Structure formats: C-alpha cells, structure tokens
There are 2 protein chains.
Amino acid sequence: MQMSPTQSCRLHTPDDYVFVSNNDENDDYPSQIRNQCQSNDDNQFRRDHRLLSPCQCEVDTKNCSVEFGPFLHQTNSDSHQTGGVAADYSDENAWPDGVARESLHGVPQDLDSENDINEKERWLMTYFAVFDGHAGTGAALMAVNLLHHIIQRHLCDVREELMRREAVTGDPHRKSSWQCEPMVDLPSPYRDRSASIDVDSLVIGALETAFKEMDETIGRERTTYQIQGGCTALVAIVFNGKLYVANAGDSRAIINLKGKVIPMSEDFTPLHEQRRLQTLAYLKPELLHNEFCHLQFPKRVTQTDVGRSMLYRDADMTGWSVKTITEDDTKFPLVYGEGKRARLMATIGVTRGFGDHDLTVYDTSIRIKPFLIPLPQVKVYDLTAESHEPNDVLILGSDGLWDVMTNSQAQETVLQTLLQLDDSDQLRYMSAAFQLVLAARGIRQDEMWQLKDGSQASNDDITAFVVPLCACVRLSPSPRNDLTVSDNS
Amino acid sequence: MQMSPTQSCRLHTPDDYVFVSNNDENDDYPSQIRNQCQSNDDNQFRRDHRLLSPCQCEVDTKNCSVEFGPFLHQTNSDSHQTGGVAADYSDENAWPDGVARESLHGVPQDLDSENDINEKERWLMTYFAVFDGHAGTGAALMAVNLLHHIIQRHLCDVREELMRREAVTGDPHRKSSWQCEPMVDLPSPYRDRSASIDVDSLVIGALETAFKEMDETIGRERTTYQIQGGCTALVAIVFNGKLYVANAGDSRAIINLKGKVIPMSEDFTPLHEQRRLQTLAYLKPELLHNEFCHLQFPKRVTQTDVGRSMLYRDADMTGWSVKTITEDDTKFPLVYGEGKRARLMATIGVTRGFGDHDLTVYDTSIRIKPFLIPLPQVKVYDLTAESHEPNDVLILGSDGLWDVMTNSQAQETVLQTLLQLDDSDQLRYMSAAFQLVLAARGIRQDEMWQLKDGSQASNDDITAFVVPLCACVRLSPSPRNDLTVSDNS
C-alpha cells in the first residue's frame, strides 16, 4: 500500500486532564457549579461517608469548545474513581511522535474549503471515559493517563484500512484517487478478503486491542509503579460520524433519543457473565484448585443434598436439567450471591476491567485474573441515522449512579433539568449531570441518606457524564454527511 | 415432593419407524406418491449419482392420524441419511418400563370430560427428526432408534418440576391441588429458587442433555456395534402447546406463518461457529498439536507474509485489528475455506452432531471430537400465540435441500403445492414435501441435473418434512388454551 508523506492522519485525542476540586478557586471552573458543589449537604455527605479527599470534578477546561462545555460531575470521590472528558482541539503537538504525522494515500491535497474542514474533522476522535477503581487508585489513574493514547495508536494502526474504506464508501471524487492494488488472479484462498471488513469492525478491533494492551501495561508495570487494585472502564468515542461505546465493567451508558432510552452497554457482573465464567472453569478446571464448583444450582448445595435430585445448569446449557447431587457439587459455587451482591469466587463483584493482576481468593493462591478480563463489549450508534435535538444526549455513569437509579429514572432526571434551561445555556449539560449525582446521592433525613422515595441513597462513588449528541455530530462529520453536501453543491 | 401412584405421566413418543422404499409394494404407502417416486427421472437420478439403495421414504404408516398423514419424503438416499416421523398414539406399551407409569402429584383424578382429554394430551410429546449421516450409517441409525426415548426420559426426569409449574401457571382449579412446600425461613442463599426456572428452560434442558447422552451412548457402544461415522441431528417436538426445535448440525427448520418465514434453526458450520472453535483452541492450544493456527486472517497466510502487517481476529474479538505476521501464523488455519466448502481443521464441514468419536485429521492423531459437539441450539415457537391456517407449516430439511434453495424458495415451493390442493386432501403436506425434494433434485437436461433456473441441482441427500401447525396445536393443547376453555364454561 503506497503512502504519501504530505497529509496528516487526523485521528485525534486530548492528552490533558485538569482535575478541579470543589475547594479549588480555579477561575476556569463555573462558579455556579462550584457553589453547588460546596453546599453543606455535600460537606456533610463527605463526612458521613468518611471520604478523605474533596469532591472532585475533572474537566478538560483548557480546550473545551462551547458545545462540549463541562458536562461531567463526580462527587464523593475517595480518589478511587476518575473520569476524563475530551473535546476537539487541534494542537498537533498533542500527537505522539511518529504517529500524528503519519500520512495517508488518497486524501485530497488542499483542505481549505468548507468541505475540507469536514475532511479534517472526520478523523478526529473525541473521547470520554469513566474508570471506577477499587482496592487502590493505581489502575484507574494509569488508565486515565494512557488509554486514550493507546486507542489513538491502535486506530492509527488501521488508518490505511480506514482510509481505503473511506475511499470506497465516501465521496466519489475521492474514490478515483484511491489506488487499488491490481487484481491478481490468485487462487481463491490466497485472495485478500480484508476489503469485506467494514469500518465498524476496524474501530471495534482497535478498542478491543487497546483495552487488552492497557491491561497488559498495568500488569507489566505494576511492580515498578506500585500499582494496586483495579478499575472498570467505560469509554465512549466519537469517530467518523459514529459513537462507539466500549465497556468493561459495571459502569453504564445510555442514550436518550427523543424520549426513548437506548442502552449502550451491558453490566459485566458475575451473574451477567455466568456462562463465560462457567465455560472457562469447565475447560480449565485446574484454575479452580478443586475449591469451587462450576455448575449452577437454584440454591446453595449442602451436605444434606448429597444423593438427592436437583436442577442444575452446566456451562454449555441454555436450559436446566436434573442431576443427583454428589460431594463435588457441595463445593463453593463459582458465582455466588444475588444481584449486586453476587461475587466471582467469593471475591469480586465485577468481571471485566483493568488491573487486579495479584488478586487471589482470600487465604488461597487461586488467581482471579484469568476470569476477570479487560475485553470490552463495543456498541455502535450511528450519529447520522437520526436528526438530533438539543435534549438528545449520551449519559455515562458509574455503578454508584445505577445502583439506585433505573435507566428511565436517569433519563427523566436529565430531561427535567434540560427542559428548565435554555438551549444556549452553556452549563445545561453539566447541570443535568450534576442533578444526576445529586439525585443518586440523595438527601440527609433522620441521620440517613435517602432518595426522594425514602429508599436508601447510593453509598458508592458517583460519576455522571451528559453529552449532547448534536455536538457529537458537529464534531465528527461522517462520509455520508459529506456526500450529501457534495450532492447539494 | 410427594407423588401419587394413580396418574400416568403422559409424555409420549413413538417407537416404530416403517421404512418404505419406492419399490416396495407396501399397501400402506399411498400409490399416488409411490408412482411419483418410481418415475424414470428418479431411476436415472439414482444411476447418475451411483446410489446403491433405492429411493426411500420413511413414514410412520402404522399410527399416523389424519392430520399427521405422511408428510415426509426423502430421495436419493445412500442409507447415510435417515429420518423419522411420529404422531400421537396412545399405546401405553410404547413406554419404556418404569417410565410410562410414573405419576404426578396434583393432577385431577378423573379425566373423562372434554377438558380432561386436553389434560391427557397436554403431556404428549410429538416428535420429528432428520439425521443426516456421513462416513457410515451407524450414528444416524442409532439416533433414529434411540433419541426419542432419551428425550422422553429426560422430560420425565423433570416431570415434577413441569407439573409444579403447570399448577402455578395453568388452571386455577388445579392450583389449589398443588401442595407447595411450606416456606421455611432459611437464609437467602439456601432458599430454593427453582420456581423461577420456567417450563421452556426445563424442556430446553431436557433436549440438551438428551443430545449429549445420545452422543455419549454412540461413543460408548461404537466398538460393540461397529458404529462408524457421524450424523447431524435436527429434532422438532410439539409439547405443552409449544414447538421446540433442537438443532445440532447443518439441517434447517423454518416456519411459514401467513406467508412470512420464521427461521427455527441456525446452520452449525465451521464459519458459523468460528468464534466457539477459536475460543476452544485458544484456551486449550494442546488440542491443535502445533499444527493449526487459531487466529483468523482475511487470506491464507504464506511465508512471504512473515514480517508484514495484516488484519487478524483473535478468539475473543468482535472486531479486527492489525498484527505483524510471524512463523506461527503461517500454520494451517483452524477454519479454512469459503461457504459450504469451509472445513474444521481441513476435515469436516459441520461442527455439531453425533458420533465421529474416532475421527482425526488425515494422517495425524489430532482429534476432531473436542471441537465437534452434540449440543443443540433450541428455538421455541409458541403455538398458542397465533391462530394458524392450514398452510402455516413447519418445514424441516437436510442440507441437500438448503444447498440449492433459500428459505423463501422453499416456502414458495410448499405454498404453491398447498394452494393447489384442497384443505381436506390427506396427501397435501406429503405432496408439498415431495415437491421440495423434486425441486432440489432438479431435472435432467443435457446430461446434467439442473434446477429450474439452469443452475446445478443438489448432489446431496435430500430430506424434507412439511408439518401443519394447526395439527400441532390440536395435538398439544396448552395450559393457556385450557384456561380459556375453563373461563368460558
């Protein structure tokens, strides 16, 4: 594949995160929100929950455009949870050496007209992430600082393939400038079928391999940098006219589209991943050290059940069948507990994420890591398939939010806030995120933190993003948008 | 759970198969169809395809009810492919000793009224199966003779659970007669949650474990009975108001519902199962004996690719990424070939089924069996959710049919035949099945067997069933149907 050295590959990520605490007198941080953060309730909440560090907001205050004004809020952080928000900025120095100026063959040479600005922006990547840490801050902080660079690099690795598809599916004028390899009459198996692999598969692959590399990096450097614990990872990138949400853990993303909720992630908990965990244990029983049972039963099997019939489900089954209970079945279950309290090998309540390389079952040498994987599930939302109103938003939140709030309740909370504020209000999305956090944190009544309905409020870290989809569309014009412009001109 | 000894558990299967060849002068076999089978074209087809045995039809001619008159046809069998068809008959001697008279607690004692006939029929199982054999007839014949008994036994194993759910979801009069175990105040994990497992999960589990047992039986007895080769298995059972289709292999089932096609199975081929095969090879690389590569590439990797970048997909990935090719990547691919010609380890084109316990990669000791599994995928169709017209049918077919026919073409062929025949015609479904086989076999032109459009006709065994759904509904009244009757009375 030929390459010309004159054009920049404009995959783009931020590399700055400004951490703003409530107590900071940082002028960049809107006083309206700052005052909200400093309410007595917040201070009391931190005391009640024995949080050592101040309530934190992390926003990219340096380079945010108006549309991507601050729309993240995080409260009651004990520094185990970090988030990042990125917007489009075009400082080429932000690119790692040797990557930013990688060039692509087939892109038009002059990029001065209005269409060409679209062409520049098409390959920008806008990035949001929530990393919910546990047992230490190391893994989360490392992910905050590195993951977007790693994703960027993996996208750059497939830039030739991306541009090639762009040439095929995008502007017909560009198509002609794409030099296809001559069709050689090779025997069928040796013919390259990579052209049938679409852009989505390449972006999903880049996210998957980036997550795996992030985890390997933490594993490799954990001794040198004394990285303890682990973290979940929820990443949303806007790229080439689409929104890609990659999730490894129990944070969650949803979209509000014209009042309808579109789930953009699944919660990777031991119960949700029971099948995958059971399959691994079934194929590699040595991982269980003869201490756990990989079969699923409708109750905790005890010695008194031995010899009796009981329903069970094996790793490869969708349905349930009956077996006679043996001594082996009385071992502790691989997955045990209900709902949010379910644990993998009685140890951890989340089954995907970064770090935890040294985590073992209490008082044993049984490693958790083979079961706990960094691989994300990626969902794709086409920003060009619908027209978006100012209240159509992506909501990202840590499990501290979703523990006490359904998707619909979060959507309702956001919409209530947005409807009260003018579309031009630069703080409307941040206010909505803030209201999400306030609602999940609850109010203090009778020495208890309660939700509006009187039930117990969240006792966990809470992070929320509210991202307007119309701004995503503006930031990332797609080939199809471009094509429409071309057709109209 | 208490049991009363007075009521029969009326799970029901046939145990007779009458094999009728075209040349047989069997009076039970309709002469109209027999004459069709004996056409010159058929005789020529058998000569052209070097088939040693005559064209065969296998129907249960002894016990079919009118609705389930013969609706199976099979042509050009070389005895490697067998099918079975079952209808409702109530010869209690057909039950294996010790199973047929197992009784259930909570069923009303007198079953004489019209509703009670429904109650009797509710627990009948009606069964259809296609077994497409390869490399010998043993596995297919053993499955023909045993599988329905094994399924029956596994359904009987969960009969208490089935009746218990029936009592909860069915007729309210019956509910009172169901003796629930007293709610003991046990700690939460020790409380039995089996009540939350629904009837579908129990039937699916019975089918799954029955398929596994069938394969184990073949494996265990293959030396004693000189069972060679293997077979795919497509089974449809009508039970408790629903149609359950269990598929392990590349036969296929579809439903025609008011002109719409509903796929009732997936074809389990190496390409379709790439992910599962890769995962097994990734987790247990020793199974590949260092001879195969589990990674997926868009082309056959050769020595000249070593050191170059190429797209690839690992077992756990949904997308595609890039890697630098190494010597290891040049090993033969685990899955190789296109479409129907794709093979697992260059050996077999189907990835689920029975038998093949001794199958190895040519000239090696690498076993195919760990990758080739008997587990079926089960799809459920609720016969009570829709009203069914006489032309709404289930179509089952071996890959010999689907190789040359799309789902829509099969549906069209069946509907064309059915529309020409009166609803009361006892041969209409058999005629439709026969037309399917004729269409796939094609006609002889210019020394070639061709389809209507001139393309090549099927060169494989062809089996087709056409089963009217309205007859299924009549055979298997559901709890809900019953409830409606009760409400109206």
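Conventions we followed
Residues numbered from 1 in each chain as written. Chains lettered and ligands numbered in written order. Predicted model: local features only at pLDDT ≥ 70, side-chain atom pairs only at ≥ 80, totals over all residues. Heavy atoms only, no water. UniProt positions renumbered as here; feature names shortened; annotations may be inferred. Helix = DSSP H or I, 4+ residues; strand = E, 2+ residues; numbered from the N terminus. Buried < 20%, exposed > 50% of the residue type's maximum accessible area, 1.4 Å probe, protein only. Contact = heavy atoms within 4.5 Å. Areas by Shrake-Rupley, 256 points an atom, 1.4 Å probe, with all protein chains shown as cover. Salt bridge = Lys/Arg side-chain N within 4 Å of Asp/Glu carboxyl O. Least-squares fit on C-alpha atoms with pLDDT ≥ 70 in both. Pairing = 2+ DSSP bridges. Axes fitted to C-alpha atoms, helices over the stretch in contact; angles between N-to-C directions. Parallel < 35°, antiparallel > 145°, perpendicular 65-115°, else oblique. Left-handed = near helix turned anticlockwise from the far one by under 90°. Nonpolar A, V, L, I, M, F, W, Y, C, P; charged D, E, K, R; others polar. Buried area = accessible area lost by both parts, 1.4 Å probe. Polar contact = N/O pair within 3.5 Å; in protein donor to acceptor, adjacent residues only side chain to side chain.

- As annotated in an unreviewed UniProt entry, chain A carries the name PPM-type phosphatase domain-containing protein and comes from Ridgeia piscesae.
- Quoted straight from UniProt, the Sequence similarities (unreviewed entry) entry for chain A says "Belongs to the PP2C family."

### Quick look at the overall build of chain A
Thought 1: The helix and strand tally for chain A stands at 13 helices and 21 strands.
Thought 2: Burial status across chain A gives 58% buried among its 489 residues.
Thought 3: Here the analysis covers contacts within chain A between residues at least 6 apart in sequence; of these, 73% occur between residues at least 24 apart.
Thought 4: Just so you have it, chain A exposes about 20,600 Å², and 48% of that area is on carbon and sulfur atoms.

### As for the pattern of salt bridges
Thought 1: Tallied over the entire structure, the rule returns 44 salt bridges over all chains.
Thought 2: The shortest N-O distance in the salt bridge between A:D399 and A:K340 comes to 3.2 Å. Of the two residues, A:D399 sits in helix α9 (residues 399-402) while A:K340 sits in the loop between β14 (335-336) and β15 (343-344), which places them 59 residues apart along the sequence.
Thought 3: With a relative accessible area of 44%, A:K340 lands in the partly exposed category.
Thought 4: Linking B:D328 and B:K331 is a salt bridge whose minimum nitrogen-to-oxygen distance equals 3.1 Å.
Thought 5: Exposure remark for B:D328: the relative accessible area of 49% places this residue in the partly exposed category.
Thought 6: Counted as one network, the salt bridges with shared partners bring together A:D250, A:K340, A:D399 and A:D403.

### So, the relation of the copies chain A and chain B
Thought 1: Here chain A sits on chain B after a turn of 180° about the axis and a move of 0.0 Å along it, with an RMSD of 0.0 Å. The transformation relating the two chain copies, once decomposed into turn and shift, fits a two-fold axis. If distances are taken from each C-alpha of chain A to the rotation axis, the shortest is found for A:L283, at 3.7 Å.
Thought 2: Mapped onto chain B, 100% of the interface residues of chain A again fall at the interface, so both copies present the same surface.

### Description of the pairing of strand β7 (residues 242-248) of chain A
All names here are of chain A.
Thought 1: Of all seven residues that make up β7, seven are buried, and the element is covered over most of its length.
Thought 2: Along β7, one buried face is formed by K242, Y244, A246 and A248 and the opposite face, lined by L243, V245 and N247, is buried too.
Thought 3: Where strand β6 (residues 230-239) meets β7, seven bridges bridge the pair, whose relative direction is antiparallel. In the strand pairing of β7, A236 is matched with V245.
Thought 4: Between β6 and β7, which follow one another and run antiparallel, lie two residues, and N240 among them has a positive phi close to 55°.
Thought 5: Sheet topology note: the β7/strand β17 (residues 377-382) ladder contains six bridges and is antiparallel. For Y244, the partnering residue across the bridge sits in β17 and is V380.

### Let's talk about the packing of helix α4 (residues 138-157) of chain A against helix α7 (residues 199-221) of chain A
Residue and element names in this part refer to chain A.
Thought 1: Their axes nearest at 8 Å, the elements α4 and α7 cross at an angle of 140°. By the angle between their directions, the pair α4 and α7 is classed as oblique. In this structure, α4 crosses over α7, and the sense of that crossing is right-handed. Residues A139, M142, A143, L146, L147, I150, I151, R153, H154 and L155 of α4 form the contact with α7, whose own contacting residues are V203, A206, L207, T209, A210, F211, E213, M214, T217, I218 and E221.
Thought 2: Per-class residue counts for the contact of α4 with α7 are 15 nonpolar, three polar and three charged.

### Some points on the interface of chain A and chain B
Thought 1: Each partner contributes residues to the interface: chain A has 41 residues there, and chain B has 41 residues.
Thought 2: Together chain A and chain B conceal approximately 3,300 Å² of surface at their shared face, both sides included; 61% is due to carbon and sulfur atoms.
Thought 3: For the pair chain A and chain B, the interface holds four salt bridges.
Thought 4: At the boundary of chain A with chain B, the tally comes to 16 residue pairs in polar contact (both at pLDDT 80 or more).
Thought 5: Of all the secondary-structure elements, those providing two or more residues to the side of chain A that touches chain B are α4, α5 (159-169), α7, α8 (274-283), β11 (309-312) and β12 (321-324) of chain A.
Thought 6: The element contributing the most residues to the side of chain A that touches chain B is α7(A), with eight residues.
Thought 7: When the residues that make up the side of chain A that touches chain B are grouped by side-chain class, the tally is 17 nonpolar, 10 polar and 14 charged.

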